[in-house]
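Summary of structural features
Spelled out from the first residue to the last, the chains are:
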Amino acid sequence: MDLIRIYECLCDETRLRMLNLLAVGPLCVGHFQDVLKEPQVKVSKHLAYLRSRGLVTSSREGNWVVYRLPENAPPELVHNLKCLQDCVQTHAVFKQDIQRLQALLPISDGPLPACNQPPTQRQSRLRPPYKTLFICSRNSARSIMAEYLLRSLAGDRFEAHSAGSAPVGAVHPMAIRVLRDAFGIDASAARSKSWKEDQLTGFDFVITVCDRARETCITLPGQPVTAHWTFRDPAAYRGTEAEKKDFFFRIAASIRARLLLFINLPVEQLGQLAVEQEVRRLGLMPRDFALALNH
């Protein structure tokens, strides 16, 4: 490996801190955010930089992207990472990082748990009402529409919530308008909020509905069923007011079509692992499928 490339990567404090954390074990974006107190965009940018230069590898494990140091790293990289660890043992910032990581994910002699991943043999059965959380990055449109659509469809069988990995603090007006005009749903009380709020606990299902939120490791307590459903961002659409409303409707209708299948899954008859497989399978369907189901 080119030594110049290695030193280019190591000449930034944030990247040094991230590499020092990865020496402990595999992590994902949410872990770095909590430890470094940096926004998701900055963390992802540095990880992409390190990955493009071969200092970090990534893999998808379940619903999350996990980052780790290369398993067969060249000697030049191994030597420099060893030097890094030797140099930062007494540095206050690096020591604090490890302490924060220990508080977030207790470190043992074994491998560090990378994310909120369900055990492969988990077979406990879920019971209604099923507490469900939809997450997108800003919690302004897609996750809000999913929350209120599920409330309207599921009755008492599901309890719906939404949150953001980097919430903007305001719900998109068009999301509220489309829910009202197209589906007769009053979402005027909707609020953009972080998934870290205290009351957001005890979920049976956690579903990310945008790719950016998917990259962030959401470490909620318990062992919820996790899945990712991809939908295009209606807030990013550029057009006339009528065109925007139509695009928001198409996204909302596609979300509703998936939810119709979701609420009809025989959850009570399946083990939790089987339920997770079925919910994730819904995320593999085309993003704008089955709009006819909504008419």
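Here, the structure is the one placed above.
In this report, the structure presented in the accompanying data block is examined. These numbers were taken from a predicted model, which means no experiment stands behind them.

Quick notes on the overall build of the protein
A count of helices and strands for the protein gives eleven helices and six strands. A total of 295 residues make up the protein; the buried ones form 49% of that total. Counted over contacts in the protein with a minimum sequence separation of 6, partners at least 24 positions apart contribute 75%. Carbon and sulfur atoms make up 51% of the accessible area of the protein, which amounts to about 13800 Å² in all.

Examining helix 11 (residues 272–282)
The complete set of buried residues in helix 11 reads Q272, V275, E276, V279 and L282. For helix 11, the angular spread of buried residues about the axis comes to 115°, placing them on one side.

Focus: the packing of helix 2 (residues 13–22) against helix 3 (residues 29–36)
Contact geometry of helix 2 with helix 3 gives a least axis separation of 11 Å together with a crossing angle of 120°. Crossing hand, helix 2 versus helix 3: right-handed. From helix 2, T14, R17, M18, L21 and L22 reach across to helix 3, where they touch F32, V35 and L36. In the contact of helix 2 with helix 3, the residues fall into six nonpolar, one polar and one charged.

What about the packing of aromatic side chains?
If you walk through the whole model with that rule in mind, you get nine aromatic pairs. For the pair Y130 and F205, a centre-to-centre distance of 6.0 Å together with 80° between the ring planes defines the contact as edge-to-face. Of the two residues, Y130 is situated in strand 3 (residues 130–136) and F205 in strand 5 (residues 205–208); the sequence distance between them amounts to 75 residues. On the basis of relative accessibility, which here comes to 0%, the residue Y130 falls in the buried class.

Details of helix 1 (residues 3–10)
Restricting attention to buried positions, one finds in helix 1 the residues I6, C9 and L10. Seen end-on, helix 1 carries its buried residues on one side only, within an arc spanning 95°.

A word on the sheet that holds strand 3
Pairing is parallel in the open sheet, where four strands are placed in the order 4-3-5-6. Every other strand in the sheet has two partners, leaving strand 4 (158–164) and strand 6 (225–228) as the edge strands with one partner each. Going across the sheet, the axis of each strand differs from the next one's by a mean of 20°, ignoring polarity. By the bridge criterion, four bridges tie strand 5 to strand 6 in an arrangement that is parallel. By the bridge assignment, I207 is partnered in strand 6 with A227. In the packing of helix 7 (residues 142–154) onto the sheet, contacts are made with strand 3 and strand 4, and the angle to strand 4 comes to roughly 175°.

A closer look at the side chain of E38
If you trace the backbone, E38 turns up in the loop between helix 3 and helix 4 (40–52). In contact with E38, other than residues within four places in its own chain, are T14, Q33 and V43.

Digging into the environment of R127
Mapped onto the elements, R127 comes out in the loop between helix 6 (92–104) and strand 3. In this structure the C-alpha to C-alpha distance between R127 and R157, which are 30 residues apart in sequence, comes to 9.2 Å.

Observations regarding the side chain of S162
Looking at the element boundaries, S162 is found in strand 4. On the accessibility criterion, S162 (0% relative accessible area) is buried. Within the structure, S162 has its side chain in polar contact with the side chain of N139 (distance 3.1 Å). Separated by 2.6 Å, the side chains of S162 and E147 make a polar contact. Residue contacts for S162: discarding those within four places in its chain leaves L133, F134, N139, S143, I144, E147 and K193.

Description of the nonpolar core
Ranked by size, the top nonpolar core spans 53 residues in total, and within it M145, L149, L150, F205, W229, F262 and V279 carry the most contacts. Listing elements by their share of this core, those giving two or more residues are strand 3, helix 7, strand 4, helix 8 (173–183), strand 5, strand 6, helix 10 (241–262) and helix 11. Not counting the four nearest positions on each side in its chain, F262 is found in contact with T132, L150, F158, F205, I207, W229, V279 and L282.

Cut-offs applied
Residues numbered from 1 in each chain as written. Predicted model: local features only at pLDDT ≥ 70, side-chain atom pairs only at ≥ 80, totals over all residues. Heavy atoms only, no water. Helix = DSSP H or I, 4+ residues; strand = E, 2+ residues; numbered from the N terminus. Buried < 20%, exposed > 50% of the residue type's maximum accessible area, 1.4 Å probe, protein only. Contact = heavy atoms within 4.5 Å. Areas by Shrake-Rupley, 256 points an atom, 1.4 Å probe, with all protein chains shown as cover. Arc of directions from axis to C-beta. Axes fitted to C-alpha atoms, helices over the stretch in contact; angles between N-to-C directions. Left-handed = near helix turned anticlockwise from the far one by under 90°. Nonpolar A, V, L, I, M, F, W, Y, C, P; charged D, E, K, R; others polar. Phe/Tyr/Trp six-rings, centres within 6.5 Å; stacked < 30°, edge-to-face > 60°. Pairing = 2+ DSSP bridges. Polar contact = N/O pair within 3.5 Å; in protein donor to acceptor, adjacent residues only side chain to side chain. Core = buried A, V, L, I, M, F, W, Y, C linked by side-chain atoms within 4.5 Å.

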